[in-house]
Amino acid sequence: MKTPAELFDLRGKHALVTGGGTGLGRAFALQLASSGASVTLAGRRMQPLEETAAAIHALGGTAHPVRLDVSDSGSVAAAFAALPAPADILVNNAGFAADAMLLDLPEDDWDAVFDANLKGAWLVARAAAQAMIAAGLRGSVINIASVLGSAVQKGTAPYAAAKAGLIHLTRGMALEWARHGIRVNAIAPGYYYTDMAAGYLDSDSGRAMVKRIPQRRLGDPADLGGALLLLASDASAYMTGSVVTVDGGLSLAVI
Ligand SMILES: NC(=O)c1ccc[n+]([C@@H]2O[C@H](COP(=O)([O-])OP(=O)(O)OC[C@H]3O[C@@H](n4cnc5c(N)ncnc54)[C@H](OP(=O)(O)O)[C@@H]3O)[C@@H](O)[C@H]2O)c1
C-alpha cells in the first residue's frame, strides 16, 4: 500500500499545460511543479508563459515555455518537436468563449470556439498520446471542460456545445487509449475569476449567479488542485473516462 505522499508524487514526471501562462492553466502548472513535475507551458503569447515559468523557477521547479496555437496542426507539430521530453501528463486547458447570442453569432466566432476548445484538444491529445506510446509511457490526459458542458447559459451556446463535445471526446479517447496505458479524464470547473470569465463575473447577471452557488463564492484556482493531482497521479490509476466537477455545488439545483 502506498502512502498518500507516494500516491500523489509527481517527481520525475513531465507535464504539458496548454494555456499555462494565465488563469487556471497557470494555477495547474504551479500545482504540478509543487508536486515535483517538470512543466512545459504552452500558448500563443510568450510573455505570460515566461512569467509563469519564472514563478516556477522561483519555487525551485523546472519549467519550459513553448509557443503553441492548439487549433493549428502545424503549430502543434512544431511545439511537440520542441518539447524537452515526451509528456507523462497533458493538461488540455487552452480555451475561450465567444460572448454572443446564437442569432447574432458570426460564423468565424463559431469556428474559433470549436477550433480552440474541441478540435485543438484533440490535436494536442493525439500528439501527446502518440509520443507517450512511442516512449512507452503510461500517461494521463486531463481535459479542462466546464459545468457548461452539461448545462447551458444564454450567450455561451457554442462554448457550451464545444465543452459538451470535449466531455464526450474524453470518453472516446479513454476507450481507445486504455490499451496503451493512457488514462483520459476531465475536470468540469464552475466559475473562477480569470481573464476569460471576468467580463461576465463583473456583470449584474454574473454577480446574481454567484449568489446562487450553494457554497456562496467563486472558485479559487487553488480549489482545482486536488482534482488535478488526483487525475495526474497514480492515485487515479483505475480511473479513465471520468468527469470530476469542481463547482461549489453550482450544477446541483435546477432552480
Ligand atoms: N474561468 C472559469 O470560470 C472557467 C470555468 C470553466 C472552464 N474554464 C476553462 O478553463 C480553461 C482556462 O481558462 P481560464 O479561465 O484560465 O481563462 P484564461 O486566463 O483566458 O486562459 C485561457 C488560456 O488559453 C490559451 N489559449 C486560448 N486559445 C488558445 C489557442 N488557440 N492555442 C493555445 N492557447 C490558447 C490562452 O493563451 P494565449 O492567448 O496566449 O494563447 C490562455 O492562456 C479554458 O479551457 C476554459 O474554458 C474556465
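None of the values given here were measured: they were computed from a predicted structure. (Residues numbered from 1 in each chain as written. Predicted model: local features only at pLDDT ≥ 70, side-chain atom pairs only at ≥ 80, totals over all residues. Heavy atoms only, no water.)

Trainee: Which parts of the structure should I look at to understand the overall build of the protein?
Mentor: Scanning the protein from terminus to terminus reveals nine helices and seven strands. A compact globule built from 255 residues would reach a C-alpha radius of gyration of about 18 Å, and the protein, at 17 Å, matches this within 12%. Dimensions of the protein along its principal axes, counting C-alpha atoms only, are 45 × 40 × 40 Å. Each of the 255 residues in the protein was classed as buried or not, and the buried ones make up 47%. For the protein, contacts bridging at least 24 residues in sequence account for 71% of all contacts bridging at least 6. For the protein, the accessible area works out to roughly 12400 Å², and carbon and sulfur atoms hold 55% of it. Counting 20 positive and 22 negative side-chain charges, the protein places the centres of these two groups 7 Å from one another. (Helix = DSSP H or I, 4+ residues; strand = E, 2+ residues; numbered from the N terminus. Rg over C-alpha atoms; globule rule 2.2 N^0.38 Å. Buried < 20%, exposed > 50% of the residue type's maximum accessible area, 1.4 Å probe, protein only. Contact = heavy atoms within 4.5 Å. Areas by Shrake-Rupley, 256 points an atom, 1.4 Å probe, with all protein chains shown as cover. Lys, Arg positive; Asp, Glu negative; His and termini not counted. Charge placed at Lys NZ, Arg CZ, Asp CG, Glu CD.)

Trainee: Any chance you could explain the pattern of salt bridges here in plain terms?
Mentor: A side chain of one charge can pair with a side chain of the opposite charge if their charged atoms are brought near each other. Tallying each qualifying case throughout the model produces four salt bridges. Among the ionic pairs, Asp9 bridges to Arg11, the shortest N-O distance being 3.0 Å. Residue Asp9 is classed as partly exposed on the basis of its relative accessible area, which comes to 27%. Across the pair Arg217 and Asp223 runs a salt bridge, and its minimum N-O distance is 2.8 Å. You can call Asp223 partly exposed: its relative accessible area is 32%. (Salt bridge = Lys/Arg side-chain N within 4 Å of Asp/Glu carboxyl O.)

Trainee: Where do I start with empty space enclosed by the protein in this structure?
Mentor: Regions of empty space are outlined by a rolling probe, equal in size to a water molecule, passed over the atoms. All told, the structure shown has one cavity of 30 Å³ or more when counted by the stated rule. Estimates place the volume of the largest cavity at around 40 Å³. Thr18, Val70, Asn92, Asn93, Ala94, Ala116, Asn117, Ala121, Ile144, Lys163 and Leu166 are the residues that line the largest cavity. Among the elements that take part in the lining of the largest cavity, helix α5 (residues 107-135) stands out by supplying three residues, more than any other. (1 Å grid on protein atoms, 1.4 Å probe; cavity = no way out; pocket = protein on both sides within 12 Å on 5 of 7 lines; lining within 4 Å. Points joined across faces, edges and corners; volume = space filled by probe spheres on them.)

Trainee: Which parts of the structure should I look at to understand the layout of surface pockets?
Mentor: Counted as a void, the largest pocket has a volume near 1200 Å³. Around the largest pocket sit 48 residues that line it, and Gly95, Phe96, Ala97, Met196 and Ala197 are the ones nearest its centre. Here the element with the most residues in the lining of the largest pocket is helix α7 (residues 195-201); it accounts for five residues. For the lining of the largest pocket, the residue count by class is 22 nonpolar, 19 polar and seven charged. Approximately 390 Å³ is the volume attributed to the second largest pocket. Considering the residues around the second largest pocket, the lining is formed by 15 residues, among which Met209, Arg212, Leu250, Ala253 and Val254 are closest to the centre. Within the lining of the second largest pocket, the residues separate by chemical class into twelve nonpolar, two polar and one charged. (Nonpolar A, V, L, I, M, F, W, Y, C, P; charged D, E, K, R; others polar.)

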